[in-house]
Amino acid sequence: MKKLIPFLLLFFTLSIFSQKEANFWYFGNNAALDFNSGAPVPVSGSQLNTTEGCSSFSDSNGNLLFYVGAPTPSTNNLTIWDKNNNPMPNGTGLQGDTSSSQSALTVPAPNQPNIYYIFTVGASSSGNQGFWYYTIDMTLNGGLGDVVGGATDLSQGNSGNWSEKVTAVRAKDCNEFWVISFLRNNSFYAYKVDGSGVKISAPVVSTIPGFSANDARGYLKVSPDGTKLVSNNMAGGSFLFDFDDETGEVSNFNGSTSANQLNFNGNGYGVEFSASSRRLYISTGESASGTTENLYQFDLTQSSIADINNSRFLVHTYVNTRSAL
C-alpha cells in the first residue's frame, strides 16, 4: 500500500554536508526549490514525479549537479537526471522504488571530487526489496555526468527482507562516511565510505536485543553529531538508539537492555534532528483521508527514554484531506 507524502517532507536537511550541497531541493510532482539566495525560489523544469523518497545534490558552490527519483509517467524504478533535466546516460530503470520511504541517497566520494555514490532501497509494497548503490562520474558526458558500472548489491543475500530506509552521517574521521540501512526485524547494516570507495565486503552489522520491527516503511536518520539514530517503522513503532560514528555500531539507547520506543499518537514516518542534535522531530504518516497527522518535538538532552518521552511537544497537527495513493 502506498502512502501519502508526510507533511515533514520539506523539513529534511543534509546535515552531513557543511557547504551548499543541499541548496537545491527536487521533490514531489515536478517541484523544485533553489535556496542559494537564502530564501526558497521555485525552479521550473523538474522531471521528477514521486510520492516519497528522492535525492538531489549540488556542488560546494550551490550549483545543481543532478537529482534522483521517479520519472513521469511514474514507474517503480528510478531515474537520475542531470542539471538540464535530461536523464543521465545509464541513469534510467535503476534499482530502487518510487514507493520507498527513502528511495535514494547521495554521498560524495571522499578524495574524489567528481565521483558520487547513489544508494537506493526498494519497497515492500511492490516486492522488489533490496539495497544497492550506483556510481556517478561527473567528468563524463561533457561534465553532465554518467552512471558507470551498474548496480552493486549491498543486501548480503537478504534482499527479500530489506526495509525502505537509508541514511548517512560523517564518520569520526571527517573525510569518511557511514551509510546505514535496516534489515527487518532487528539488524542495522553500516557501510564505511572512504577514499578507496564503499566497503562492500565489510558491513558493520548491529543486531539489537529486545527490538523487533517488521514494518519496512518510515525514515531512518542519524543525528548530525553522530551519536543518535532513530528508526521509524510506521505500524511497528519508532525507536531511539545510540550510534558510534567511529565503529559504525548501533546499540540500545543509554545502555538499555531493551529497545527504547518513542511514544506519540499516529504512525511515525518522517525523522529529523536539529542542527545541534539536541532536538528530535518526528512526523506521522497515514494513508486514509480524514486521518490526523502530527509533528512532534523531543528533547534529547534528557538522560532517560522516559524523560525524553515526557518532553514530547506537539508542534503542529492537521487533518489529511487527500485520498490514499
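Source: prediction; values computed, not measured.

## A short note on the overall build of the protein
Logical step 1: A tally of helices and strands in the protein yields one helix and 24 strands.
Logical step 2: Overall, the protein is about 55 × 45 × 40 Å in size when its C-alpha atoms are taken along their principal axes.
Logical step 3: Per-residue burial over the protein gives 55% buried out of 325 residues.
Logical step 4: Put simply, of all contacts in the protein between residues at least 6 apart along the chain, 48% involve residues at least 24 apart.
Logical step 5: Approximately 12,600 Å² of the protein is accessible, and the part contributed by carbon and sulfur atoms is 46%.

## Focus: the sheet that holds strand β7 (residues 104-108)
Logical step 1: The antiparallel open sheet is built from four strands, whose spatial order is β7-β8-β9-β10. Looking at the sheet topology across the chains shown, the edges are occupied by β7 and β10 (146-153). In this sheet, neighbouring strand axes are inclined to one another by 20 degrees on average, regardless of whether the strands run parallel or antiparallel.
Logical step 2: As judged from the five bridges shared by strand β9 (residues 131-137) and β10, these two strands associate in the antiparallel manner. Across the sheet, Tyr-133 pairs through a bridge with Thr-152, a residue of β10.

## With respect to the layout of surface pockets
Logical step 1: In this model, the largest pocket occupies a volume close to 360 Å³.
Logical step 2: Lining the largest pocket are 23 residues; nearest its centre among them are Glu-21, Pro-108, Ala-109, Pro-113 and Tyr-116.
Logical step 3: Elements supplying a minimum of two residues to the lining of the largest pocket: β4 (55-58) and β8 (115-121).

## Considerations on the pairing of strand β15 (residues 204-207)
Working note: regular strand, side chains alternate between the two faces of the sheet.
Logical step 1: Residues Val-204 and Ser-206 line the buried face of β15, whereas the alternating positions Val-205 and Thr-207 sit on a face that is not buried.
Logical step 2: Bridge count for strand β13 (residues 187-194) against β15 is four bridges, and the pairing is antiparallel. Opposite Ser-187, over in β15, you have Thr-207 as the bridge partner.

## Here's the deal with the sheet that holds strand β3 (residues 41-42)
Logical step 1: The strand order across the open sheet formed by three strands is β1-β2-β3, and the pairing between neighbours is antiparallel. Each edge of the open sheet carries a strand with a single partner, namely β1 (24-27) and β3.
Logical step 2: In terms of strand pairing, β1 meets strand β2 (residues 31-34) through four bridges, oriented antiparallel. Each bridged residue has a counterpart across the sheet, and for Phe-24 the counterpart in β2 is Asp-34.

## Considering the packing of aromatic side chains
Logical step 1: If you walk through the whole model with that rule in mind, you get 21 aromatic pairs.
Logical step 2: A ring pair is formed by Phe-182 and Phe-188, whose centres lie 4.9 Å apart and whose planes are at 40 degrees; its orientation type is tilted.
Logical step 3: Take Phe-182: its relative accessible area is 0%, and that puts it in the buried class.
Logical step 4: On the basis of relative accessibility, which here comes to 1%, the residue Phe-188 falls in the buried class.

## Topic: the environment of Gly-248
Logical step 1: If you trace the backbone, Gly-248 turns up in the loop between β18 (238-243) and β19 (250-252).
Logical step 2: For the pair formed by Gly-248 and Gly-145, sequence separation is 103 residues and the distance between their alpha carbons is 30 Å.
Logical step 3: In this structure, Gly-248 is in contact with Trp-178, Ala-190, Val-204, Ser-206 and Phe-243, ignoring residues within four places of it in sequence.

## Quick notes on the pattern of salt bridges
Logical step 1: In this structure the tally under the stated criterion is six salt bridges.
Logical step 2: A salt bridge links Glu-272 to Lys-221; the nearest nitrogen and oxygen atoms lie 2.8 Å apart. A residue pair is termed long-range when its members are at least 10 positions apart, and Glu-272 in strand β21 (residues 268-273) and Lys-221 in strand β16 (residues 220-222) qualify at 51 residues.
Logical step 3: The exposure class assigned to Glu-272 is buried, which follows from its relative accessible area of 2%.
Logical step 4: A salt bridge links Asp-299 to Arg-279; the nearest nitrogen and oxygen atoms lie 2.9 Å apart. Within this pair, whereas Asp-299 is found in strand β23 (residues 292-299), its partner Arg-279 is found in strand β22 (residues 279-284), the two being separated by 20 residues in sequence.
Logical step 5: Under the relative-accessibility criterion, Asp-299 is labelled buried at 15%.
Logical step 6: Judged by relative accessible area, which is 26%, Arg-279 ranks as partly exposed.

Definitions and limits used
- Residues numbered from 1 in each chain as written.
- Predicted model: local features only at pLDDT ≥ 70, side-chain atom pairs only at ≥ 80, totals over all residues.
- Heavy atoms only, no water.
- Helix = DSSP H or I, 4+ residues; strand = E, 2+ residues; numbered from the N terminus.
- Buried < 20%, exposed > 50% of the residue type's maximum accessible area, 1.4 Å probe, protein only.
- Contact = heavy atoms within 4.5 Å.
- Areas by Shrake-Rupley, 256 points an atom, 1.4 Å probe, with all protein chains shown as cover.
- Pairing = 2+ DSSP bridges.
- Axes fitted to C-alpha atoms, helices over the stretch in contact; angles between N-to-C directions.
- 1 Å grid on protein atoms, 1.4 Å probe; cavity = no way out; pocket = protein on both sides within 12 Å on 5 of 7 lines; lining within 4 Å.
- Points joined across faces, edges and corners; volume = space filled by probe spheres on them.
- Phe/Tyr/Trp six-rings, centres within 6.5 Å; stacked < 30°, edge-to-face > 60°.
- Salt bridge = Lys/Arg side-chain N within 4 Å of Asp/Glu carboxyl O.

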